[in-house]
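Read off the chains here:
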Amino acid sequence: MGQPLPGNVRLPSAPPGRKRSDSVGFAIVGLGGYALNQMMPRFEQAERAHIAAIVSGNPEKLRRVGDAYGVAEDARYSYEAFEKIASDDRIDAVYIVLPTGLHAEWAIRAFAAGKHVLCEKPMALSSADCERMIAASRRADRKLMIAYRSHFEPYNLEAMKLMQQKAAGEIRLVRTEQSYRMGPTSPSENWRTSRALAGGGPLEDFGIYGLQSALYLTGEMPESISATTFRPAGDARFAEIFAHVSSQWRFPSGAVAQLVTSYDSAGTNFAHVRGTLGALIMDPATSYSGQKMRLEGQNTRDLSPGDPAVQFAGQLNNFTDAVRDGATIRTPGEMGLRDLRLIEAIYASAEAGRTVRLAPDGRRRS
Ligand SMILES: NC(=O)c1ccc[n+]([C@@H]2O[C@H](COP(=O)([O-])OP(=O)(O)OC[C@H]3O[C@@H](n4cnc5c(N)ncnc54)[C@H](OP(=O)(O)O)[C@@H]3O)[C@@H](O)[C@H]2O)c1
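Each chain carries its own residue numbering, running from 1 in the direction its sequence is written. Given that this is a predicted model, residues contribute local features only at a pLDDT of at least 70 and side-chain atom pairs are listed and counted only at 80 or more, while totals for whole chains, interfaces and linings are drawn from all residues.

Digging into the environment of Ser 224
Counting through the fold element by element, Ser 224 comes out in strand β8 (residues 224–230). On a C-alpha basis, the gap between Ser 224 and Ala 359 in space is 8.7 Å, while along the polypeptide they are 135 residues apart. Two residues qualify as a contact pair if the distance between their C-beta atoms, derived from the backbone, is within 7 Å. Apart from residues no more than four positions distant in its own chain, Ser 224 is found in contact with Arg 250, Thr 355, Val 356, Arg 357 and Leu 358. Secondary structure elements are taken from DSSP: a helix is a run of H or I of four residues or more, a strand is a run of E of two residues or more, and numbering for both begins at the N terminus.

Topic: the site of the ligand
Using a C-beta atom placed from the backbone, a residue is described as near a molecule or strand when that atom lies within 6 Å of it. Surveying the vicinity of the ligand reveals 24 residues, the closest of which are Gly 30, Gly 32, Gly 33, Tyr 34 and Ser 56. Polar here means any residue other than Ala, Val, Leu, Ile, Met, Phe, Trp, Tyr, Cys and Pro, which are nonpolar, and Asp, Glu, Lys and Arg, which are charged; Gly is therefore polar. Residue composition of the shell around the ligand, grouped by class: 10 nonpolar, nine polar and five charged.

Considering the packing of helix α7 (residues 202–218) against helix α9 (residues 333–352)
Here α7 crosses α9 at 105°, and the two axes come no closer than 11 Å. In terms of their interaxial angle, α7 and α9 are classed as roughly perpendicular. Judged by residue contacts, Leu 203, Glu 204, Ile 208, Leu 211 and Gln 212 of α7 engage Asp 339, Leu 342, Ile 343 and Ile 346 from α9. Here the residues of the contact of α7 with α9 are counted per class, giving six nonpolar, one polar and two charged. Only C-alpha atoms enter the line fits that serve as axes; for helices the fit covers just the stretch in contact. Angles between N-to-C directions range over 0 to 180 degrees. In these notes the angle categories are as follows: under 35 degrees is roughly parallel, over 145 is roughly antiparallel, 65 to 115 is roughly perpendicular, and the rest is oblique.

Thoughts on the sheet that holds strand β15 (residues 356–357)
Strand order in the open sheet formed by nine strands is β14-β13-β12-β11-β7-β10-β9-β8-β15, and the pairing between neighbours is mixed. The strands lining the two open edges of the sheet, one partner per strand, are β14 (301–303) and β15. Here strand β7 (residues 171–181) pairs with strand β10 (residues 256–262) via seven bridges, running parallel. Counted as the bridge partner of Val 174 is Ala 257 from β10. Against the sheet, helix α5 (residues 154–164) contacts β7, β11 (264–275), β12 (279–282), β13 (293–296) and β14, and its axis sits at roughly 170° relative to β12. Together, β8, β9 (244–250) and β15 form the strand contacts of α9, whose direction differs from that of β8 by roughly 70°. At least two bridges found by DSSP between two strands is the condition for calling them paired.

Some remarks on the sheet that holds strand β3 (residues 76–77)
Read from one edge of the open sheet, six strands run β3-β2-β1-β4-β5-β6, paired in parallel fashion. A single partner strand is all that each edge strand has here, and the edge strands are β3 and β6 (144–147). Strand direction decides the pairing type here: strand β5 (residues 116–120) and β6, joined by four bridges, are parallel. Across the sheet, the residue bridging to Cys 119 is Ile 146, located in β6. Of the strands in this sheet, β1 (24–29), β4 (93–96) and β5 are in contact with helix α3 (residues 103–112), which crosses β5 at around 165°.

Read these as geometric descriptors, not functional statements.
Set out below in structure tokens:
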């Protein structure tokens, strides 16, 4: 379904220049806020990625965005015409920037058309859909990457390294929170409040950054999770999704994590790790820009390991290195599947009102 051009979009004043001959041509599927404001402008900074085609349900947007990015008129596709990309050799890969509930269907269609897939987070709304996407990628012998940009962001990369080096000692406690207060809306107006398109809501959308941080900062998978959800009555925003999701994890090392995410409280995005010798404070932790990080302990210091803006092009570079040179994808479909298993465990625990025990791959034991 085509949506209007978001009001705050700044389209390029001149189409991007030509890229090297082995540049990977992408079809961008879904011309929404994230594609237009964040990712499409960043292709310019990637070494060998360019926008070869666009796919949208809004013909006016296809025209305006296509003109601004210099996309050939016959490479501007409607969703109905998507299958034709199979015979379009300008397109090597498909970047799926659709509402989450549509990721699996369009990724599988892209593989059927013989293209590689870069898919926005979260990978899908169920582990079963993630498994179907991975199977389709293998059948087509094409790459599948999940767009977890923090794995290419200097603060988060430095934090992973510091925690591996035990810069705060043995990790005991992790706390993450990703929250903002959503304005008045309803499922028919905003896909983020529709269960079919957004699952349970804030956890899949924003809290997944806390879930990811808890995993890559500890380097462990939880062995048990207990969780609770809340949905206020009589609020159209939460007719189908949760307002808050909170979970407590225990890791095999004995560390515990507390993850909170909300669509109904004032904005924050932090990750705190507390160890036997000190603490790592990331606040904001996983934003597009403006990250702050402080290591507390014997040698307390603020850290500024690089510009967070490189995360977008870094992600594209990893994907194109995989497509062209067979490089290892840092954030493969298997990682997206793992995360959906944990999300399912969180909801299962909240629903049952008891702790859920997990196998090392995130599957529920009981
Ligand atoms: N990595 C990150 O930091 C990050 C940040 C934000 C979002 N995301 C992810 O990116 C994806 C898109 O999010 P967004 O913020 O860009 O959303 P958005 O602004 O609402 O855009 C989604 C686009 O999807 C298309 N669409 C197709 N069917 C639709 C339907 N039934 N309802 C609404 N839109 C539909 C529309 O494009 P057309 O009008 O062109 O058809 C729409 O503009 C999500 O998976 C989200 O989780 C990631």
